[in-house]
Number of protein chains: 2
Amino acid sequence: MREILDIQKQLLPDLVDTMKKRYTILHHIMVSGLVGRRTLALSVGATERVLRAEVDFLKEQGLIEVEASGMRISVSGRELLERLEPLVKDLFGLTELEERIRSHFGLKQVIIVPGDSDVSPHTKKELGRAGASVLRKLVGEDETIAVTGGSTMAEVAYHLTPATPMKGCWFVPARGGLGESVELQANTIASTMAKKAGGRYRLLHVPDHLGEDAYQSLMQDSHIAEIIAFIRGARIVVHGIGEAMVMARRRKVDPETTESLRRDGALAEAFGYYFDRDGNILHKMPTIGLRIEDIHCMDHVIGIAGGKSKGESIASVLKHGHEDVLVTDEAAAWEVVNRLLS
Amino acid sequence: MREILDIQKQLLPDLVDTMKKRYTILHHIMVSGLVGRRTLALSVGATERVLRAEVDFLKEQGLIEVEASGMRISVSGRELLERLEPLVKDLFGLTELEERIRSHFGLKQVIIVPGDSDVSPHTKKELGRAGASVLRKLVGEDETIAVTGGSTMAEVAYHLTPATPMKGCWFVPARGGLGESVELQANTIASTMAKKAGGRYRLLHVPDHLGEDAYQSLMQDSHIAEIIAFIRGARIVVHGIGEAMVMARRRKVDPETTESLRRDGALAEAFGYYFDRDGNILHKMPTIGLRIEDIHCMDHVIGIAGGKSKGESIASVLKHGHEDVLVTDEAAAWEVVNRLLS
DNA sequence: AGCACTGGGACAAAAAACGTCCAACAAAGC
DNA sequence: GCTTTGTTGGACGTTTTTTGTCCCAGTGCT
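Throughout what follows, the structure given in this document is the object of discussion. (Residues numbered from 1 in each chain as written. Chains lettered and ligands numbered in written order. Predicted model: local features only at pLDDT ≥ 70, side-chain atom pairs only at ≥ 80, totals over all residues. Heavy atoms only, no water.)

### Digging into the relation of the copies chain A and chain B
Then, number 1: In the superposition of chain A on chain B (RMSD 0.2 Å, axial shift 0.0 Å), the rotation amounts to 180°. With respect to symmetry, the two chain copies, as superposed, fit the operation of a two-fold axis. Across chain A, the rotation axis passes nearest the C-alpha of M1 of chain A, at a separation of 3.5 Å.
Then, number 2: The fraction of interface residues of chain A whose copies in chain B are also interface residues reaches 100%, indicating that both copies meet through the same surface. (Least-squares fit on C-alpha atoms with pLDDT ≥ 70 in both. Contact = heavy atoms within 4.5 Å.)

### Quick word on empty space enclosed by the protein
Then, number 1: According to the stated counting rule, one finds three cavities of 30 Å³ or more in the structure shown.
Then, number 2: Approximately 60 Å³ is the volume found for the largest cavity.
Then, number 3: Considering the residues around the largest cavity, the lining is formed by Q10, R129, A132, S133, R136, H159 and T161 of chain A together with Q61, G62, L63 and S76 of chain B.
Then, number 4: At four residues, the largest contribution of residues to the lining of the largest cavity is made by helix α6 (residues 121-138) of chain A.
Then, number 5: Taken together, the residues that form the lining of the largest cavity break down as two nonpolar, seven polar and two charged. (1 Å grid on protein atoms, 1.4 Å probe; cavity = no way out; pocket = protein on both sides within 12 Å on 5 of 7 lines; lining within 4 Å. Points joined across faces, edges and corners; volume = space filled by probe spheres on them. Helix = DSSP H or I, 4+ residues; strand = E, 2+ residues; numbered from the N terminus. Nonpolar A, V, L, I, M, F, W, Y, C, P; charged D, E, K, R; others polar.)

### Here we look at the nonpolar core
Then, number 1: In this structure, L84 of chain A together with L84 of chain B are the most contacted members of the largest nonpolar core, which totals 58 residues.
Then, number 2: The contacts of L84 of chain B, once residues within four sequence positions are left out, are I7 and L11 of chain A together with M19 and Y23 of chain B. (Core = buried A, V, L, I, M, F, W, Y, C linked by side-chain atoms within 4.5 Å. Buried < 20%, exposed > 50% of the residue type's maximum accessible area, 1.4 Å probe, protein only.)

### Considering the pattern of salt bridges
Then, number 1: In total, this model carries 40 salt bridges over all chains according to the counting rule given.
Then, number 2: With its nearest N and O atoms 2.9 Å apart, the salt bridge here joins R83 of chain A to E126 of chain B. On the criterion of chain membership, the pair formed by R83 of chain A in helix α5 (residues 75-105) and E126 of chain B in helix α6 (residues 121-138) is interchain, its members lying in two chains.
Then, number 3: By relative accessible area, which is 6% here, E126 of chain B ends up buried.
Then, number 4: Salt-bridge contacts for R262 of chain A lead to E259 of chain A; the nearest nitrogen and oxygen are separated by 3.8 Å. A residue pair is termed a helical-turn pair when its members lie 3 or 4 positions apart in one helix, as R262 of chain A and E259 of chain A do in helix α12 (residues 255-264) at three residues.
Then, number 5: Look at E259 of chain A and you get partly exposed, because its relative accessible area is 41%.
Then, number 6: Among the charged side chains, a network of salt bridges with common partners joins E3, E126 and R129 of chain A together with R83 of chain B. (Salt bridge = Lys/Arg side-chain N within 4 Å of Asp/Glu carboxyl O.)

### What about the protein's contact with DNA strand D?
Then, number 1: Taken together, 19 residues lie near DNA strand D, and T47 of chain A together with R37, R38, T39 and R52 of chain B sit nearest.
Then, number 2: Restricting attention to atoms of DNA strand D within 4 Å of the protein, one finds that 52% of them are sugar or phosphate atoms.
Then, number 3: R37 of chain B places a polar side-chain atom, nitrogen or oxygen, 2.2 Å from a base nitrogen of DNA strand D.
Then, number 4: R52 of chain B places a side-chain nitrogen or oxygen 2.5 Å from a base nitrogen of DNA strand D.
Then, number 5: The set of elements that each furnish at least two residues to the surface near DNA strand D consists of α4 (48-60) of chain A together with α3 (37-44), α4 (48-60), β1 (64-67) and β2 (70-73) of chain B.
Then, number 6: Broken down by element, the surface near DNA strand D gets its largest block of residues, three residues, from α3 of chain B.
Then, number 7: Looking at the surface near DNA strand D, its residues break down into six nonpolar, six polar and seven charged. (Near = heavy atom within 4 Å. Polar contact = N/O pair within 3.5 Å; in protein donor to acceptor, adjacent residues only side chain to side chain.)

### Topic: the sheet that holds strand β6 (residues 200-201) of chain B
All names here are of chain B.
Then, number 1: Here seven strands make up an open sheet; going across it, the order is β3-β13-β12-β7-β4-β5-β6 and the pairing parallel. Of all the strands in the sheet, the pair left with one neighbour each is β3 (109-113) and β6.
Then, number 2: Relative to β6, strand β5 (residues 170-173) is paired through two bridges, and the arrangement is parallel. Pairing of F171 across the sheet is with Y201, part of β6. (Pairing = 2+ DSSP bridges.)

### Quick word on the sheet that holds strand β11 (residues 281-284) of chain B
Residues and elements named next belong to chain B.
Then, number 1: With respect to topology, four strands assemble into an open sheet ordered β8-β9-β10-β11, the strand pairing being antiparallel. Single-partner strands in this sheet number two, and they are β8 (242-243) and β11.
Then, number 2: Bridge count between strand β9 (residues 266-270) and strand β10 (residues 273-276): four bridges; the pairing is antiparallel. Across the sheet, A268 pairs through a bridge with F275, a residue of β10.
Then, number 3: Here helix α12 (residues 255-264) sits on the sheet and contacts β9, β10 and β11; the angle it forms with β11, its principal contact strand, is near 170°. (Axes fitted to C-alpha atoms, helices over the stretch in contact; angles between N-to-C directions.)

### What to know about the interface of chain A and chain B
Then, number 1: Taken together, the 43 residues of chain A in the interface contact 43 residues of chain B.
Then, number 2: Summed over both partners, the interface of chain A with chain B comes to about 3800 Å²; 59% of that surface belongs to carbon and sulfur atoms.
Then, number 3: For the pair chain A and chain B, the number of links is six salt bridges.
Then, number 4: Salt-bridge contacts for K125 of chain A lead to E79 of chain B; the nearest nitrogen and oxygen are separated by 3.8 Å.
Then, number 5: Per-class residue counts for the side of chain A that touches chain B are 18 nonpolar, 11 polar and 14 charged. (Buried area = accessible area lost by both parts, 1.4 Å probe.)

### Quick word on the packing of aromatic side chains
Then, number 1: Under the criterion given, the structure shown has six aromatic pairs over all chains.
Then, number 2: Aromatic pair W170 of chain A and F230 of chain A: ring centres 5.6 Å apart, planes at 85°, arrangement edge-to-face. Taken together, the residues W170 of chain A in strand β5 (residues 170-173) and F230 of chain A in helix α10 (residues 222-232) connect sequence positions 60 residues apart.
Then, number 3: Above the face of the F57 of chain B ring, R22 of chain B is positioned so that its terminal group lies 3.8 Å from the ring centre.
Then, number 4: When the ring centre of F230 of chain B is taken as reference, the NZ or CZ atom of R202 of chain B above it lies at 4.8 Å. (Phe/Tyr/Trp six-rings, centres within 6.5 Å; stacked < 30°, edge-to-face > 60°. Lys NZ or Arg CZ within 6 Å of the ring centre and 35° of its normal.)

Taken by themselves, the reported measurements are silent on function.
Below you can see the structure in the form of structure tokens.
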């Protein structure tokens, strides 16, 4: 059922909205018993005229009966509502979830795709598609977009398609070497995105596990300094979110630091920073690029991550409080919400 | 899957059309590889401007990539098409079927609901809903609508809803007593329809199994003659279709006639007439009302019947050649088509 | 009888869709 | 290299649809 809805949404994006609207109206009519147009318009929050069009439609479909004294639901209408119930539960469930997370963390937008990325690879693809879609909508002309690495970001890159406003955009890695494998590195992702979207890219080549002195001398290099300044000029950053300990292991963080992270209760990782349960920064990976203060004053900070296992991590990063858009999946979203309650 | 589509069609009737249109375009783009707007418009049969809007939409959705040299399908687009395949098979299967039957018998319209009325009561309901819907669309103001009896017609009556143009309509039985049980008699159906639709009705009370002399004296009665003339003035007739032998048994036709019907290969029954395989009339029930010649010159002859078992009967009646609209279900439709091939 | 509703007709204004051009550009054939 | 044929995307007037806003004739309840 979800599957078919996902497909339809691609061919008819406002299908869900229209169905919701008409369901709401029909449902209102049912619970009201006998109700008038103006009263109804008020209670569903529509102008009289548009509601009238909807009512005409429902009448045409034989879902309601309208007499001079008002309108009531018909037999077919009642039947339809019953059959619609499971569908609507899905339809509304996710949007309700989206709104709950959105308002609690004060985000601009939350997008939840159905499923669990941990279990189904297809959900991860959907996540990528949703991420690509939101980026396409948010991006302006000649903008710089900073991206991070990770498998989810790779999926986003894969699903990006050329859009006119993206032609002049620059894709850059948010931060330098973070110890990822090549195909999941921010550099790779940035260049893939640029190719897919028809934009341009600049890379930041930094060796992993940089020592303090090497770090300093690197910053002296005018070439590097220039590209870093360029990156810091980005107004949009798109990043994945990872589980702290998983990321530490994958990136071969040294044992002492790992132990310290564990001791301090590190939960999440995003663009090279490690966060605890309350969204505090515990540790910063020793590399260059966007600093946390750069991210704080961005126009659009877009976090993309899914899977039940990442729920807690996502919540931690949201708690840090500087995200604008979250793209996640249903399983992770429920985890986030559950943590709100406890 | 069918279920969900049925539901959606009620809330969004042109969902299927839109999906088909967009699928067709996308599919065309895929097989064409790289194709231009005008070429495409020609091959899918749309004007350039509307196709342009569709193309803009597909681009917006990231399903196609458009360059200066033409447009091609994107990765997401190809993926979507794959996932869409089973859905489209359903979507198109029925309409293809409809068109095949329509053109072969020269009908104005064929409507096929998914399922098999023999097996699923729900399909029978859908049949009733579809029948009610087509009647609602076809009916004009102050019209007379002749109806027959039967369980399918009862279902149609049940799903009728008040529509403005129907307010002034008269519902009348097509023919007098045909030996049905009370709740399935044409009289009952006519009055139910009138009540449901907000129209008026006139009844024709004729005893079953009328003798020849009684028949004659009945016709003399000015009251009866007047209502019969009224019935014959109908421009719309909605009727069920039955299997000849089943109907004969149910209506307790006398053994000699039954045997004669069997001998002559009676297959179908409709409004009191029995038809053979080639649509010839074999027998006429001895009662009064619409004659076959009245039906031949009607504006809209609407036949409604479903279930695999009725497929042959439906084909026979269609062969008779004076139907305008057929409402049936998928199982019966396939039977009809299979008989065309053999 | 009066009141607070109702649906539906009417009509102008605003918005969206559409048909029809054209300019700038890309690719293929010659 | 040039022509021809195809491409996209912009522009613009026309038509159609949607929307906002009245008003009128009813209906049901008190």
